[in-house]
Amino acid sequence: MTKRGFPDRVYERAADAFRASCAENTPVYRYARQAPVPHPAAGDTGNEQHARQNELQAYELAFNTLKFQALLEDVLIDSCFQATQQMPDDLMALAMVMLYDLQDRKFQPREPMTGEGEGPVEEVRLVEDSLFRFRTKLAASLARFRIKQDLVCIDDLLPKSVKEKHQRKHKLPTCAWVNTLKSSVDEVCVTLKTQGFVQVDPHTHLEGRVFCKDTHCPDVLLFPRQARELRDKTTLLLDRTLIIQEKSRSLAVCALRPLLAKNTDILLAGSFSAYTVAHVGVQASFFSSHVYVCGLPADSALREELHVTLSRVGCKNVRVLSEQLAELSEGDSRLQKVRVVLVLPRCTASALSDPIAHIINEDGDRKLLQDLSQGAVSDANLEPLIHKQIHDLSHALTFPKVHGVVYCTCSVYAEENELVVKRALKNAAARTKLRPFRIVSTGWTDEETFLSLQASDTGEGCFLCVLKREEAETIQNILARAAAKGLLNGLALHEKLKKTRTKDKQGGAPTTPLPPQPDPSLTSAPSVSEPLPVDPTLHEAALGHAQHHSRRPSPAPNDGSAHPDHASAAGLVENRASEAAHRREKIRRRKSRASRYGAKAKKRRTRSCRKKPHRARPVEDAAA
């Protein structure tokens, strides 16, 4: 199938993006600098979609030109194009992007196209005419390079990782999440079926008019890559019932839901699109919660686009803050109900097969095009990203009322993923005396660890980590767990502990995590009727043993050779427990004897007090 090319404005924007991304001084040409590409403003639906589509096409064209920059420059030199045509330096970037598109179209002519309401661009037509007149020599020069380097196609010139991504991005499915404020997932599936789509198994290859449910996110549907029928045959996209978006953002929103509770607000920070904010707002609306989006100044283009998108989606629980995350404090009156923070920082997008769509749609770093085109990000571009990621995540962990934080990137570098989380946890622990955070399960596995997905033909890669504040640990809870494991050797538990254990077993774990509350047993005075307290040494031994095992995975079934640490700890607890039981039994017997003797003495005194007093006889009777 012959490619048609692009409108004139796309080539012009692609030249600007290429010029801004390539090295200032290349071995061959010096590309003159011009004004940066403007960000499309929000406005009419048709014009906005058209502008965003043109911008995406322009950056994809610039990105592909950067991949083959050295080859294209060699072709221009070998064919004597520059010496013959006398192309000025400020048009060489345009000549590069148009040469890549010309060879991609097999040197076939392009039908002149202009966008709606746009006229032809004179510079584009001039460069196109020059290249097309020279197409025979350009094609011959390209063929010589392929023969000389034994290339089946020019893709073989790319590094292995870049080549795999370049070929894989055309196989990726299209992801779309369901706006549950307007319809349910089942209703959308029924609507698609009535419009000629067929629902298939999630593990089936998607081709044609088919769709399936995603295996990770319950509100996400997958379609074939070229989902033209989805755009042409259904109104679900136009009325924002179905919204196309990259899956990694849907994964972050899905991991956020188990942390939500009734009337608990969410703080969103980082780099994201208006649709990401809308998706978080839709999820929060079911808990009557608000979403606070920080880092959007009043004059921001994204802020205007956000208001338009939220209005179309029907989301009314989003509040926009001008301050960056680092500028917000725990005393801010607007954040008193915030219990969950979602951090989506700018990252290298190195885990994505199609990083350009992420950079354009999710407000990514456009300076990374040159590095991503070569398959490796330089330290000069990586270090600022890492510093900002650590700073934002560390600050999110310092809010005392926050009990859950979700951190998500689209990077393959450990410096942006695991190491950022470890550094942030360490920084937060050093700056606050609150209970620390720990890594918990993301919900898709039982292991308390992060989720790391690798890019494949069925989906993009991403890194996801859920952090939750540790709940208050009490001596009673530690002893209860030790008794449940049989480590107290039959030592009777306090009646209050038994009731607590019974209540925990009957109630079970809550479906929605609540903010940790202080244990009243730590602040209330002990009852007079309670038995003597357990020996403090026993408490310390049980506490040390429970903390030791809370940091280690569950022990394997007993095979007759217990771990030395476990055996020594268990023996210590048993010895202490038996000694304490013996002392308590002696005290109980002594008090029992004392109480019996005391009761008899009290009874005798009571009887003597109740004896009737001696009554003297009257005088008359005595005289008689």
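Since the model is a prediction, treat every value here as computed from it, not as a measurement.

Draft legend 1. The pattern of salt bridges, seen in detail. A full pass over the atoms with the stated rule returns 24 salt bridges. With a shortest N-O distance of 2.8 Å, Arg 366 and Glu 55 are connected by a salt bridge. A residue pair is termed long-range when its members are at least 10 positions apart, and Arg 366 in the loop between helix H14 (355-361) and helix H15 (369-374) and Glu 55 in helix H2 (residues 45-67) qualify at 311 residues. Given the relative accessible area of 2%, Glu 55 is considered buried. Between Arg 438 and Glu 448 there is a salt bridge, with the nearest N and O atoms lying 3.0 Å from each other. Residue Arg 438 is found in strand E11 (residues 437-440), and its partner Glu 448 is found in the loop between E11 and strand E12 (451-453); the two are separated by ten residues along the sequence. Judged by its relative accessible area of 31%, Arg 438 falls in the partly exposed class. What you see here is one network of salt bridges that share partners, running through Asp 8, Arg 110, Arg 125 and Glu 128.

Draft legend 2. Broad picture of the side chain of Thr 264. Counting through the fold element by element, Thr 264 comes out in the loop between helix H11 (247-256) and strand E6 (265-270). Taking relative accessible area as the criterion, Thr 264 reaches 7% and is therefore assigned buried. Among the polar contacts listed, one links the side chain of Thr 264 to the backbone oxygen of Ala 261, at a separation of 2.7 Å. When near neighbours in sequence (up to four residues on either side) are disregarded, Thr 264 contacts Ser 289, Lys 337 and Arg 339.

Draft legend 3. Quick look at the pairing of strand E4 (residues 220-223). What you see with E4 is no split at all: Val 220 and Leu 222 on one side and Leu 221 and Phe 223 on the other are buried throughout. Sheet analysis places strand E1 (residues 174-178) next to E4, joined by four bridges and oriented antiparallel. Looking at the pairing, Thr 174 lines up with Phe 223 of E4. Hairpin connection, strand E3 (residues 210-213) to E4: the antiparallel pair is bridged by six residues.

Draft legend 4. Broad picture of helix H13 (residues 301-313). Over its 13 residues, H13 extends 19 Å from the first C-alpha to the last, a length consistent with the 18 Å expected when each residue adds 1.5 Å. Three or more residues of H13 are buried, namely Leu 302, Arg 303, Glu 305, Leu 306, Thr 309, Leu 310 and Val 313. Buried residues of H13, viewed axially, fall in a sector of 160°; they line one side.

Draft legend 5. Region of interest: unusual backbone geometry. Even without glycine at this site, Cys 80 takes up a positive phi of about 60°. Judged by its relative accessible area of 41%, Cys 80 is partly exposed. Of note, Ala 349 is a non-glycine position whose phi angle comes to about 55°, a positive value. Examined against the element boundaries, Ala 349 turns out to sit in the loop between strand E9 (338-344) and H14. Residue class for Ala 349 comes out buried when judged on its relative accessible area of 1%.

Draft legend 6. Layout of the UniProt feature "active site" (unreviewed entry) in the protein. Per the UniProt record, "active site" (unreviewed entry) is annotated on Cys 410. On the secondary structure map, Cys 410 appears in the loop between strand E10 (404-409) and helix H17 (418-431). For Cys 410, a relative accessible area of 0% corresponds to the buried category. Excluding anything up to four places from it in sequence, Cys 410 contacts Glu 246, Ser 248, Arg 249, Cys 347, Ala 349, Ser 350, Ala 351, Leu 352, His 358, Gly 461 and Cys 462.

Draft legend 7. View of the nonpolar core. Core analysis: the largest hydrophobic core is formed by 82 residues, its most contacted members being Leu 94, Leu 138, Leu 267, Leu 393 and Val 405. It is helix H5 (residues 92-104) that provides the largest number of residues to this core, a total of ten residues. Taken domain by domain, this core gets at least three of its residues from each of domain 1 (8-157) and domain 3 (248-469). In this structure Leu 393 touches Val 343, Val 405, Tyr 407, Val 420, Val 421, Ala 424 and Leu 467, once residues within four positions along its chain are discounted. Formed by 46 residues, the second largest nonpolar core is a distinct cluster that contains Ala 278, Phe 287, Val 291 and Val 440.

Criteria and thresholds
Residues numbered from 1 in each chain as written. Predicted model: local features only at pLDDT ≥ 70, side-chain atom pairs only at ≥ 80, totals over all residues. Heavy atoms only, no water. Salt bridge = Lys/Arg side-chain N within 4 Å of Asp/Glu carboxyl O. Helix = DSSP H or I, 4+ residues; strand = E, 2+ residues; numbered from the N terminus. Buried < 20%, exposed > 50% of the residue type's maximum accessible area, 1.4 Å probe, protein only. Polar contact = N/O pair within 3.5 Å; in protein donor to acceptor, adjacent residues only side chain to side chain. Contact = heavy atoms within 4.5 Å. Pairing = 2+ DSSP bridges. Expected span 1.5 Å × (residues − 1). Arc of directions from axis to C-beta. UniProt positions renumbered as here; feature names shortened; annotations may be inferred. Core = buried A, V, L, I, M, F, W, Y, C linked by side-chain atoms within 4.5 Å. Domains from an automatic or database assignment.

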